[in-house]
Amino acid sequence: MSQAILVEETLRSMGKLCIEHDPDVFRSVLDRIGDKWSLLVIGILEAGPRRFTELLRATPGVSRKMLTTTLRALERDGLITRTIYPEVPPRVEYAMTELGRTLSGPVLVLATWTADNQEAILANRDGFDAGLQPESPA
């Protein structure tokens, strides 16, 4: 099977999935898991529970507000849990749920693909920005 046919079948199946399910929920879930901060947080929490400050240090470029927003959205979707320990001062930890763990594999595949193709993508961006045609697919 050629790559073009495989891509076409994949796109058709994604469209079918969107139509067969609630399109608004389908798109909102894809938005959530496709968000750059969500993917990083999921990747970090895959290794085990973390406190807010640990997540903040491990996620370069994220603001405290954006991290809070991301964590709340992931918790709302049932992908992570937030546990408050009755200590002085209170300790809060975030951890993956069983549902969230099912997302770890696809996130790792996406991260690996990104790492493997980063140089080619940067070269294509540079060429595009310079007004050159992007590299043709093989």
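Worth saying up front: this structure is predicted, and the values here are computed from it rather than measured. (Residues numbered from 1 in each chain as written. Predicted model: local features only at pLDDT ≥ 70, side-chain atom pairs only at ≥ 80, totals over all residues. Heavy atoms only, no water.)

A. Region of interest: the packing of helix α3 (residues 36–45) against helix α5 (residues 64–76). It is the contact of α3 with α5, at a shortest axis distance of 10 Å, that shows an interaxial angle of 70°. Viewed along their axes, α3 and α5 adopt a mutual orientation that is roughly perpendicular. Residues Trp37, Ser38, Val41 and Ile42 of α3 form the contact with α5, whose own contacting residues are Met66, Leu67, Thr70, Leu71 and Leu74. Classifying every residue of the contact of α3 with α5 by side-chain character gives seven nonpolar, two polar and no charged. (Axes fitted to C-alpha atoms, helices over the stretch in contact; angles between N-to-C directions. Helix = DSSP H or I, 4+ residues; strand = E, 2+ residues; numbered from the N terminus. Parallel < 35°, antiparallel > 145°, perpendicular 65-115°, else oblique. Contact = heavy atoms within 4.5 Å. Nonpolar A, V, L, I, M, F, W, Y, C, P; charged D, E, K, R; others polar.)

B. The arrangement of the sheet that holds strand β1 (residues 50–51) in detail. Taken in spatial order, the three strands of this open sheet run β1-β3-β2, and their pairing is antiparallel. If you trace the sheet from one side to the other, it starts and ends with β1 and β2 (80–85), each paired once. Pairing analysis gives six bridges linking β2 to strand β3 (residues 91–96), with the strands arranged antiparallel. Pairing of Thr81 across the sheet is with Ala95, part of β3. (Pairing = 2+ DSSP bridges.)

C. Focus on the layout of surface pockets. Of the volumes computed, that of the largest pocket is approximately 170 Å³. In this structure, the largest pocket is lined by Ile33, Leu39, Leu103, Pro106, Val107, Val109, Leu110 and Trp113. When the residues that make up the lining of the largest pocket are grouped by side-chain class, the tally is eight nonpolar, no polar and no charged. (1 Å grid on protein atoms, 1.4 Å probe; cavity = no way out; pocket = protein on both sides within 12 Å on 5 of 7 lines; lining within 4 Å. Points joined across faces, edges and corners; volume = space filled by probe spheres on them.)

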